[in-house]
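# Examining the three-dimensional arrangement
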Amino acid sequence: MPSASVLEKNKAIVAELSEKVKNATAGVIVTYQGITVEDDTALRSALRKAGVDYKVYKNTFTGMALDNAGYSDIKGELNGMNAIATTTGDEVAPAKILKEYADKIDSFTIKAGFVDGKSMTADEVLALAAVPSKQILVGKLLGGMRSPLNKLAMVLQAIIDKEPAAEAAPAAEAAAEAPAAE
């Protein structure tokens, strides 16, 4: 039987991971087997830049943390060598970055995930990765809202440009003849 200090250390690890999972807006579980050191370093750097926490834990610890956070249904995916990526920011970031590496490396696979309290299968995580980033979606929305205003401005300018100059001249003369206000 493990010593009391080892048990306390393990409980602390599970508590820390449980908090990460509970507070995360999104998370993805991957099999990281077969990734080279170079690819792993690049992956971790990309995840760090996106504000994603990525770490390898024992499957039993990850399973306990998933239970504590209410994601027991994806616990069955915890076989083999796994890592978990969590974020409190952009929900799409972990899925996008990890999918990019899963496409490059055959043995690196996405197993499951969660977003805002909902568990997701690997296929759902891959579908989430296909969603454009929040900045792109906001840009498209604003561009869509701006387009009708631009068209209205062009139509009004075309009407102004079509008016004959003769009609504009009498109006200018009348304005010039009016007495100036003091």
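Computed from a predicted structure; not experimentally measured.

A few words on the pattern of salt bridges. Here the structure, examined in full by the defined rule, presents seven salt bridges. Ionic pairing is found between Arg44 and Asp40, a salt bridge with its closest N-O pair at 2.9 Å. With Arg44 and Asp40 both in helix H2 (residues 37–49), this residue pair falls four residues apart, about one helical turn. With a relative accessible area of 28%, Arg44 lands in the partly exposed category. Linking Lys104 and Glu100 is a salt bridge whose minimum nitrogen-to-oxygen distance equals 3.9 Å. Here Glu100 and Lys104 lie together in helix H4 (residues 93–104), a separation of four residues that amounts to about one turn. The exposed category is assigned to Lys104, whose relative accessible area is 53%. Residue classification places Glu100 among the partly exposed positions, given a relative accessible area of 44%. Linked through salt bridges whose partners overlap, the residues forming this network are Glu16, Lys20 and Asp53.

Further remarks concern the packing of H2 against H4. At a minimum axis distance of 10 Å, the contact between H2 and H4 shows a crossing angle of 165 degrees. Put simply, H2 runs roughly antiparallel to H4. The element H2 and its partner H4 pack so that their crossing is right-handed. Contact residues: H2 offers Asp39, Ala42, Leu43, Ala46 and Leu47, while H4 offers Pro94, Ile97, Leu98 and Tyr101. A per-class count over the contact of H2 with H4 returns eight nonpolar, no polar and one charged.

With that settled, the discussion passes to the environment of Asp53. Among the secondary structure elements, Asp53 is positioned in strand E2 (residues 52–55). Residues Asp53 and Lys20, spaced 33 residues apart in sequence, show a C-alpha to C-alpha distance of 8.9 Å. Those residues in contact with Asp53 that sit more than four places away from it in its chain are Lys20, Ile84, Ala85 and Thr86. There is a polar contact of 2.7 Å between the side chain of Asp53 and the side chain of Lys20.

The rules behind the values
- Residues numbered from 1 in each chain as written.
- Predicted model: local features only at pLDDT ≥ 70, side-chain atom pairs only at ≥ 80, totals over all residues.
- Heavy atoms only, no water.
- Salt bridge = Lys/Arg side-chain N within 4 Å of Asp/Glu carboxyl O.
- Helix = DSSP H or I, 4+ residues; strand = E, 2+ residues; numbered from the N terminus.
- Buried < 20%, exposed > 50% of the residue type's maximum accessible area, 1.4 Å probe, protein only.
- Axes fitted to C-alpha atoms, helices over the stretch in contact; angles between N-to-C directions.
- Parallel < 35°, antiparallel > 145°, perpendicular 65-115°, else oblique.
- Left-handed = near helix turned anticlockwise from the far one by under 90°.
- Contact = heavy atoms within 4.5 Å.
- Nonpolar A, V, L, I, M, F, W, Y, C, P; charged D, E, K, R; others polar.
- Polar contact = N/O pair within 3.5 Å; in protein donor to acceptor, adjacent residues only side chain to side chain.

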